[in-house]
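The residues making up each chain are set out below.
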Amino acid sequence: MHPAPSVILFTTLSGLGFGLLTFLGLGYPGVTGWVAFVFYAIAYALAVGGLLASTFHLGRPERALKAFSQWKTSWLSREGLCAVAALMVMGLFALGAIFLQQDWRLLGILGAALSLATVFTTSMIYTQLKTIPRWNMALTPVMFLSVSLAGGALLAGKESWAIWLLLLAGAVQLAYWGKGDGAFAASGTTMKTATGLGGNLGAKQSGATVRAFEPPHTGSNYLLREFVYVVGRKHAFKLRAIALTLGFALPILFLALPMENLLIKHLMAGFAVLSHMIGVAVSRWLFFAQAEHVVGLYYGKR
Amino acid sequence: MTFQQPRVETSPKVSDEIRQTTCYMCACRCGINVHMKDGKVAYIEGNRDHPVNKGVLCAKGSAGIMQVNAPSRLKAPLKRVGPRGSGEFEEISWDEALEIAAGWLEPIRKDDPSKLAFFTGRDQSQSFTGFWAQNFGTCNYAAHGGFCSVNMATAGIYTMGGAFWEFGQPDWDHTKLFMLFGVAEDHDSNPIKMGLGKIKARGARVIGVNPIRSGYNAIADDWVGITPGTDGLFILALVHELMKAGKIDLDYLSRYTNAPVLVNQDPNSPDKGLFLRDDHGTPLVINRKTGKLAPFDMKGVRPDLGGSFKMGDITHVSVFQLMAERYLKDEYSPEAVAERCGIPAKRIRAIAAELARVAFDEAFELDQEWTDFRGETHSKMIGRPVAMHAMRGVSAHANGFQTCRALHVLQILLGTVEAPGGFRFKPPYPKPVEAHPAPHCRVTPNKPLDGPHLGFVHGPEHLALKSDGSPARIDKAFTWENPMSSHGLMHMVISNAHAGDPYKIDTLFMYMANMSWNSSMNTGGVIDMLTDKGEDGEYKIPRIIYSDAYSSEMVAYADLILPDTTYLERHDCISMLDRPICEADGAADAIRWPVIEPDRDVRGFQTVLVQLANKMKLPGFTAEDGNAKWQDYADYIVNHERKPGIGPLAGFRGPDGDKSGRGEPNPEQLDKYIKNGGFFVEHIPAEASYFKPWNRAYQDWAVDLGLYDSPQPYLFQLYVEPMRKFQLAAEGHGERQPPEHLRQRIKDTMDPLPIWYETDQQGNEGFTVNALTQRPMAMYHSWGTQNAWLRQLHGRNPLYLPTKLMRKHDLNDGDWARVSSPHGEITVPVMEMAALNDNTVWTWNAIGKRKGTWALEENAPEATKGFLLNHLIHELLPPKGDGLRWANSDPITGQAAWFDLKVKIEKAGAPEDFTESQPALEPIKSPVGTGPKDLTWKVGK
Amino acid sequence: MTELPTNTAKKMGLVIDLDTCVGCHACVISCKGWNTENYGAPLSDQDAYGADPSGTFLNRVHSFEVQPAATPSQPDPAAQLIHFPKSCLHCEDAPCVTVCPTGASYKRIEDGIVLVNEDNCIGCGLCAWSCPYGARELDLAEGVMKKCTLCVDRIYNDNLPEVDRVPSCVRSCPAGARHFGDLGDPNSEVSKLVADRGGMDLMPEMGTKPVNKYLPPRPKDQLEEQIDVLAPLLAPVTETPGGFLGWLDKALDRLPGQTSDQSSGGQA
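Residues numbered from 1 in each chain as written. Chains lettered and ligands numbered in written order. Predicted model: local features only at pLDDT ≥ 70, side-chain atom pairs only at ≥ 80, totals over all residues.

So, the overall build of chain A
Logical step 1: Summing up its helical and strand segments, chain A has 10 helices and one strand in all.
Logical step 2: Along the chain direction, N to C, the helices and strands of chain A fall in the order α-α-α-α-α-α-α-β-α-α-α.
Logical step 3: If one aligns the C-alpha atoms of chain A with their principal axes, the spans along those axes are about 75 × 45 × 35 Å.
Logical step 4: Within chain A, the proportion of its 302 residues that are buried is 52%.
Logical step 5: Contacts in chain A between residues far apart in sequence, at least 24 positions, make up 75% of those at least 6 positions apart. (Helix = DSSP H or I, 4+ residues; strand = E, 2+ residues; numbered from the N terminus. Buried ≥ 20, exposed ≤ 12 C-beta atoms within 10 Å, placed from the backbone. Contact = placed C-beta atoms within 7 Å.)

Structural notes on the sheet that holds strand β11 (residues 222-224) of chain B
All names here are of chain B.
Logical step 1: Spatially, four strands are ordered β11-β10-β9-β21 in an open sheet, and the strand pairing comes out parallel. Of all the strands in the sheet, just β11 and β21 (386-390) have a single pairing partner and so form its edges. Averaged over neighbouring strand pairs, the angle between their axes works out to 15° when direction is ignored.
Logical step 2: Alignment of strand β10 (residues 205-209) against β11, held across three bridges, turns out to be parallel. Residue pairing in the sheet places G208 in a bridge with W223 of β11. (Pairing = 2+ DSSP bridges. Axes fitted to C-alpha atoms, helices over the stretch in contact; angles between N-to-C directions.)

A closer look at helix α3 (residues 94-111) of chain B
An α-helical turn contains 3.6 residues, so a residue and the one three or four places further along point in the same direction.
Residue and element names in this part refer to chain B.
Logical step 1: For α3, with 18 residues, the first-to-last C-alpha span of 26 Å sits near the 26 Å given by 1.5 Å per residue.
Logical step 2: Listing the buried residues of α3 in full gives A97, L98, A101, L105, I108 and R109.
Logical step 3: Those residues of α3 that are buried lie in contact with β6 (116-120), α4 (126-136), β23 (507-511), β24 (543-548), β25 (560-563) and α17 (605-616). (Expected span 1.5 Å × (residues − 1).)

Some words on the sheet that holds strand β15 (residues 308-311) of chain B
Residues and elements named next belong to chain B.
Logical step 1: Here we have three strands laid out as an open sheet, ordered β12-β16-β15, and antiparallel in their pairing. Each edge of the open sheet is held by one strand with a lone partner, namely β12 (262-264) and β15. If you compare each strand with its neighbour and ignore which way they point, the axes differ by 30° on average.
Logical step 2: As defined by bridge partners, β15 adjoins strand β16 (residues 314-318) across four bridges and the pair is classed as antiparallel. The residue of β16 that forms the bridge with F309 is H316.
Logical step 3: Sitting on the sheet, helix α10 (residues 319-327) is in contact with β12, β15 and β16, with an inclination near 80° to β16.

Looking at the interface of chain C and chain B
Logical step 1: Listed by partner, the interface residues are 91 residues for chain C and 108 residues for chain B.
Logical step 2: It is helix α1 (residues 26-37) of chain C that contributes the most residues to the side of chain C that touches chain B, nine residues altogether.
Logical step 3: Grouping the constituent residues of the side of chain C that touches chain B by class yields 46 nonpolar, 29 polar and 16 charged. (Nonpolar A, V, L, I, M, F, W, Y, C, P; charged D, E, K, R; others polar.)

Notes on the confidence of the model for chain C
All names here are of chain C.
Logical step 1: Model confidence for chain C is summarised by a mean pLDDT of 92, while 93% of its residues fall at 70 or above.
Logical step 2: Low confidence marks residues 260-268, where pLDDT is under 50. Its contacts with residues over four positions away, or in another chain, come to 29 contacts.
Logical step 3: For this predicted complex, the interface confidence comes out at an ipTM of 0.96, alongside a pTM of 0.96. (pLDDT = per-residue confidence, 0-100.)

Focus on the interface of chain C and chain A
Logical step 1: Contact residues are listed per partner, giving 54 residues for chain C and 55 residues for chain A.
Logical step 2: Contributions of two or more residues to the side of chain C that touches chain A are made by β4 (59-67), β5 (80-87), α3 (126-130) and β8 (136-138) of chain C.
Logical step 3: The element that contributes the greatest number of residues to the side of chain C that touches chain A is β4 of chain C, accounting for eight residues.
Logical step 4: Of the residues that constitute the side of chain C that touches chain A, the class distribution is 32 nonpolar, 15 polar and seven charged.
Logical step 5: Pairing analysis gives four bridges linking strand β1 (residues 209-212) of chain A to β4 of chain C, with the strands arranged antiparallel. Among the inter-strand pairings, V210 of chain A is bridged to a residue of β4 of chain C, identified as V66 of chain C.

Here we look at helix α6 (residues 159-187) of chain A
All names here are of chain A.
Logical step 1: Its 29 residues give α6 an end-to-end C-alpha distance of 39 Å, which sits within 8% of 42 Å, the value for a rise of 1.5 Å per residue.
Logical step 2: At D181, α6 is deflected by roughly 35°, the largest bend along its length.
Logical step 3: Downstream of α6 by one or two residues, G188 has phi in the positive range, about 80°. (Bend = angle between axes of the 7 residues up to and from the residue.)

Some points on the domain arrangement of chain C
Logical step 1: According to the domain assignment, chain C consists of domain 1 (12-215) and domain 2 (223-254).
Logical step 2: Placing a centre on the C-alpha atoms of domain 1 of chain C and another on those of domain 2 of chain C gives a separation of 52 Å. (Domains from an automatic or database assignment.)

Section: the nonpolar core
Buried together is how nonpolar side chains tend to be arranged in soluble globular proteins.
Logical step 1: Within the largest apolar cluster, 483 residues are counted, with the highest numbers of intra-cluster contacts made by A59, A117, F234, L238, V239, L355 and A390 of chain B.
Logical step 2: Those residues within four positions of L355 of chain B in sequence are excluded, and the remaining contacts are L177, L238, L242, V386 and L414 of chain B. (Core = buried A, V, L, I, M, F, W, Y, C linked by C-beta atoms within 7 Å.)

A closer look at the environment of Y546 of chain B
All names here are of chain B.
Logical step 1: In this fold, Y546 is placed in strand β24.
Logical step 2: Residue Y546 is classed as buried on the basis of its 26 C-beta neighbours within 10 Å.
Logical step 3: Between the C-alpha atoms of Y546 and A771, which are 225 residues apart in sequence, the distance is 31 Å.
Logical step 4: Leaving out residues up to four positions away in the same chain, Y546 has contacts with M510, M554, V555, A558 and I561.

What to know about unusual backbone geometry
All names here are of chain B.
Logical step 1: With an omega of 10°, the peptide bond running from Y429 to P430 counts as cis.
Logical step 2: For P430, the position within the fold is in the loop between β22 (423-425) and α15 (490-499).
Logical step 3: Residue D501 is joined to P502 through a cis peptide bond whose omega torsion reads 15°.
Logical step 4: Residue position: P502 is located in the loop between α15 and β23.
Logical step 5: Despite not being glycine, F478 has its phi angle at roughly 55°, a positive value.
Logical step 6: Among the secondary structure elements, F478 is positioned in the loop between β22 and α15.
Logical step 7: The backbone of H781 sits at a positive phi, close to 45°, despite the residue not being glycine.
Logical step 8: Within the secondary structure, H781 sits in the loop between β29 (769-774) and α23 (790-793).

Concerning the packing of α6 of chain A against helix α9 (residues 233-256) of chain A
Residue and element names in this part refer to chain A.
Logical step 1: Two elements in contact, α6 and α9, have axes separated by 9 Å at closest approach and are oriented at 165°. Relative to α9, the element α6 lies roughly antiparallel. Seen along the crossing, α6 lies across α9 with a hand that is left-handed. On α9, the residues touching E159, A162, I163, L166, L167, A169, G170, Q173 and W177 of α6 are R240, L244, F248, P251, I252, L255 and A256.
Logical step 2: Here the residues of the contact of α6 with α9 are counted per class, giving 12 nonpolar, two polar and two charged. (Parallel < 35°, antiparallel > 145°, perpendicular 65-115°, else oblique. Left-handed = near helix turned anticlockwise from the far one by under 90°.)

Here's what the structure looks like:
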């Protein structure tokens, strides 16, 4: 898949934002007033910024509101609704915390649940696609949720949880890659099933092989631009190492280092967040760039 | 559950009006419905009533809308202001353009009309352009057949009075085995596809003989990936097998062919190899009923295939005996030819067996009585459901003529020509060679030529030679170098004119022929010749006038450009005098008419020729009172009479428009055509629909329609006597004698019975890989590239290599290969193709473009990745050290031997090592600029 | 609306004959022409005369090479080239419909045609992501998703003669490799073709239940294997050239009409 900056930004930022909102809704940290304002400002900037970024890949963004109508079947529609609901509920909760010093617990829990649901629905947009075996796995939502929670914990300053959640998310990330690498083959979709050729030429020819010859047009097209993106194996390995290091290992290291000085501790936490964000962005780049759409089979490409 | 679906308008208005005309996106000439909205072209589809395409339409046809709006269209007449090749022009008025042209041409006419060489390319009005040239008086006229498929056309007409091409067709409705040889994917394109569809729907077998398994060959049930240039050998092996097994149609051979005709066998006679004839010149056979000599056409005669006759000391034996003696020899056995053809002997035999099985075991009868030319009535029509078709693939070799002959002989031996289920002629064919004119070349200042330029020679007496024996024509057509060059040799014109051999010319006038690019062998050389100057500082070809509708590569090399219209803006007639749109079941012709008016200062080329003729008051165009007969081409189409009552269009003649074929000119004729969908068709009666060369009902019908003036029954010429006459000359008989250096070649190649010979490989040492081109079905010549839709399909052309050669040279898709021939070298991207002869490479023709042409941006893939194989092909063979120019062509017809190309391949680099195919020529300045960036083409609201 | 109808009255679709398609692209351009002028926004082209031309097409013809496995009787079988047209398959279980967040994509209850209501399309591309067949292309000029409409504006169009009420690609196809009809009716011509020729689904494992079917290429290059049956056909009539003329004489005697004036037309 084409690793469009808009979708990478969207999933990275909004995942982090809704992760933070989840923790804030649960009361971690239970802040009020100006401090709460700063936390919520960061959470909303990330979540809303991510959502806005996602509209850049729309052909007709001015019609985006229509996307809320099909929640019965469409994960994208559900995600939109969840996001709006989460932002509204958490907005109310934030108003209480910032201006009224109130902790409306039930509202907070509902907001946290909606925030997590938003991340889940986002992940389901990808997970539902049988056409992209690397996404069409139970591990995809687990990966999205674990990363979101780890990032949320990190931003929320829940360092002790963050370390464990980062460890978990890193492990899930590794598992996701591991399983993802075999997903296309495991899906059973091949050029033979795509074309019906090679196996259907009579029993005598069942051992036939099929290869794509000329593409339909020598000119490019939307499908090739959108779905066919080739990442070199070495390049991918390097990027995975970077994603794992920056996204999970370094933040854990930054958090785990015993620090007495509060300033340095905060600085280290800041580094951890920055490192995590870059790492997740790299992981998300790979998430798209390495995702092979079955339509590539018709072009002899994956 | 109820669904709230949007309401879709399922009956939108399709268009304001449908205008029916004839397509010109290729040479196929399908009928089209042009849907108009607000006076603009909105959508083009096939015309269901049309005899050629019956409603279907190919990609090119449907893309016509993008041709009519192409930014490459020339806008106004142009006068060259920079050096040739620079592309520097200034726009001028038509008055000035005609003034300039007439100013060049009139002095030539008064002095020596042959100083004008007038050659037209993809011309569909040859009967008109030929008429113009004849009335101008030059002998130097032809269209592009010489480098297209003249071998096929000429071999067909000499052998059986008609050819494949679009002049005949398989009996798609009855054939059970269809064998397709070397057909590029563009000629007669929709009818072949429709026919294949019919065959496939019946589950009948298709055998494809072609080194490349693409297009039609991709759906062949059996593919014979033959070595290029060996088709003749393969065919003669089939002949060998079939004759040996007696699986030949003896009845058909004895009745309808010259197999029983007696041939003089006296080794010393000046008539050796000629037919025994009676006092009227009619060939004689032995009548089996009497055992005596009889004219072949005598009523009740039963010609004896095995006949022989001794007249005095001179033995005469039948053609069939000569054939048996030759083709039963072991040198034609499958085993003997297998390796050279690249086809296992077992496979050849299997194909021969299948031909025999289908022709004879699956023979069938049509319950249709008919009467033959001898007056004998047959109660049934016997079907032989084996059909064949071939085209440029077998034709464009230096042994192509004999190969095409061999193929026709194979068809005839099986009795499948004009039999139900076999191959059928389309009117005006069948037409024996004697019914065609002979070539004419006598030039007289200020007078028309003494007759039509092109035709069919019957012997040395018809060669176009001057009294000193030198060639009369600039292209050396109809000379000892290529005696049967019935279509002329357009590919030799520039080379000969530049060399002043056989003489110098003054003005080269060309139409729709991209000679400085894909329509020439040796593209770079031709560009040099067009721009070369003599010691006097003048161009060696002093003046060049060119007419084209588009900004092609050739434009920059002309001095005066006469911009043509697109096909929807013009009048045309697809005439029975020319290459009509007939089908086997009917005679048909068609018109084009301006369904839209040009939005530029352009004129239809034929109208410009009329205007030029009127300006020069050419005879033929000028009435006795000195006034012009016709104002424009439409006027000519309606009112010209070639013979009394016979004009360019056969339909709706006579004052009331109710006469077909023969009748007075009808001023309403074009309107009648338009009302009838742009065409006219006259169906052939059922009893006349098969066995046409010998069928009385057909012959009478053809005379009524004006195709002949009298019935013309004839025999198929398995043995072509005119060829023997050239051999006799080479053996020293007769007054007209060939030059010494050609004697042996004439003796060797002009065999009156089909032979196969290896094409000249001298100088080709080390170049062993066959290199071919073919045209994609979605592109026609260079035209597709300017079309925004079609160029997305084929915007570049890799060189396709078989898997074996890819591995041998360590090549992967996208790598660059250096491809060389004795003549040149190119560096091009490669792509693997498994379904390809192991020792053959190929590419799509004419995708590569010169920078600055066709209104493309200079970095268009056609101009960077695209390439021409033409750079590797020379119009001459490598020098033999004898100081002579030996043409790279068939020694019989002069057909350009494109497909004899042999190359060497080396890896040049990885994809990133080159950015452009080589050679990369300098850009030309575009006279039309480039096109718009984006297109959202919608005419209606 | 993005819920799929539980069943449709008809299942209109195409049957594409891979044994007959010569890869001429007629259907591709005819589709481009009709759909540029008709349903919804025109199919635009970008960089139309430049370095990287591309455009929206609703139907494209791929090509594949099939290399049969070697067998004892055919140790070196020739590769085969198959031309492969592909457009929307109008799936019964169309994932492109259910993923659509706006309801722009829908499957018609009366005939099963999958359409995009362009007024509601936000151009998110998710439907194209969900389609295994690459049947949907986002038009860059209009920003909305385009796809094959099965020429819904032709097949019921009262302004067209009845014979022309078929998709543009079907009407144009020179080889007759494309067939249109109701695949929900087992007695329709298209259903019979599918039954007779073993029509197949593309990527059946996707569970999309395509309506369009593909007829597989017939077995190729089988002639030599039939040689045993055919061999007697080529038995020589004689072993010597002189003998050939002897055979000829007898064979000619056997022809009808060689000795009397009766009508004729027999075979050797």
